[in-house]
Amino acid sequence: KEMAVRWVQAMGFNETMLKLAYDRCALSTGKLSFNYIDKILSGWNAKGITTPQQAEEESRMRHSYKQTPNSLPEDDDFVRLSLTRTPKL
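Presented here is an overview of the structure given in this document.

The rules behind the values
Residues numbered from 1 in each chain as written. Predicted model: local features only at pLDDT ≥ 70, side-chain atom pairs only at ≥ 80, totals over all residues. Heavy atoms only, no water. Helix = DSSP H or I, 4+ residues; strand = E, 2+ residues; numbered from the N terminus. Buried < 20%, exposed > 50% of the residue type's maximum accessible area, 1.4 Å probe, protein only. Contact = heavy atoms within 4.5 Å. Axes fitted to C-alpha atoms, helices over the stretch in contact; angles between N-to-C directions. Parallel < 35°, antiparallel > 145°, perpendicular 65-115°, else oblique. Left-handed = near helix turned anticlockwise from the far one by under 90°. Nonpolar A, V, L, I, M, F, W, Y, C, P; charged D, E, K, R; others polar. Expected span 1.5 Å × (residues − 1). Arc of directions from axis to C-beta. Polar contact = N/O pair within 3.5 Å; in protein donor to acceptor, adjacent residues only side chain to side chain. Salt bridge = Lys/Arg side-chain N within 4 Å of Asp/Glu carboxyl O.

Observations concerning the overall build of the protein chain
- Each helix and strand in the protein chain was counted, giving 5 helices and 0 strands.
- Each helix (α) and strand (β) of the protein chain, taken in turn from the N terminus, gives the series α-α-α-α-α.
- Within the protein chain, the proportion of its 89 residues that are buried is 20%.
- Of all intrachain contacts in the protein chain linking residues separated by at least 6 positions in sequence, the fraction that spans at least 24 positions is 49%.

Some points on the packing of helix H2 (residues 15-29) against helix H3 (residues 34-47)
- Relative to each other, H2 and H3 sit at 125°, their axes nearing to 9 Å. Put simply, H2 runs oblique to H3. Where H2 crosses over H3, the handedness of that crossing is right-handed. Contact residues: Met17, Leu18, Leu20, Ala21, Tyr22, Arg24, Cys25, Ser28 and Thr29 in H2; Tyr36, Ile37, Ile40, Leu41 and Trp44 in H3.
- A per-class count over the contact of H2 with H3 returns 11 nonpolar, 2 polar and 1 charged.

Some words on H2
- For H2, built from 15 residues, the straight-helix expectation of 21 Å at 1.5 Å per residue is met to within 8% by its first-to-last C-alpha distance of 21 Å.
- By the burial criterion, the buried members of H2 are Met17, Leu20, Ala21, Arg24 and Cys25. Down the axis of H2, the buried set is contained in an arc of 140°. They therefore lie on one face. Looking at H2, the residues exposed on the side facing more than 90 degrees away from the buried face are Glu15 and Leu27.
- Structurally, H2 contributes buried residues whose contacts are with H3 and helix H4 (52-64).
- For H2, the N-terminal cap is asparagine 14; the gap from its side-chain oxygen to the backbone nitrogen of threonine 16 is 3.1 Å.

A look at the pattern of salt bridges
- The final tally for this structure, using the stated rule, is 6 salt bridges.
- The salt bridge involving aspartate 38 is made with arginine 6; its shortest N-O contact spans 2.4 Å. With aspartate 38 in helix H3 and arginine 6 in helix H1 (residues 2-10), this residue pair connects regions lying 32 residues apart in the sequence.
- Where aspartate 23 meets lysine 19, a salt bridge forms, and the shortest distance between an N and an O atom there is 3.1 Å. Highlighted residues: aspartate 23 and lysine 19, both in helix H2, separated by 4 residues, approximately one helical turn.
- Salt bridges linked by common partners bring Lys47, Glu58 and Arg62 together as one network.

Structural data, given as structure tokens:
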């Protein structure tokens, strides 16, 4: 209950943002975790995120940085090989 009061009163999140944080928690963990929701909302609060649109944009940006060598374009064999080969000494 104390967390919920802080989320609404101190951080200023509305019901829509609380539900979005809950949905993200459920997708990531498969269960309800108030600590996980608190981390989501605290992160949004620190970044000034107050709308679902801002939260979605932040999520897209965060995931775009998690590219792996397998996500490189198929026709770029040189880059793929240079990232996977180890030099022979």
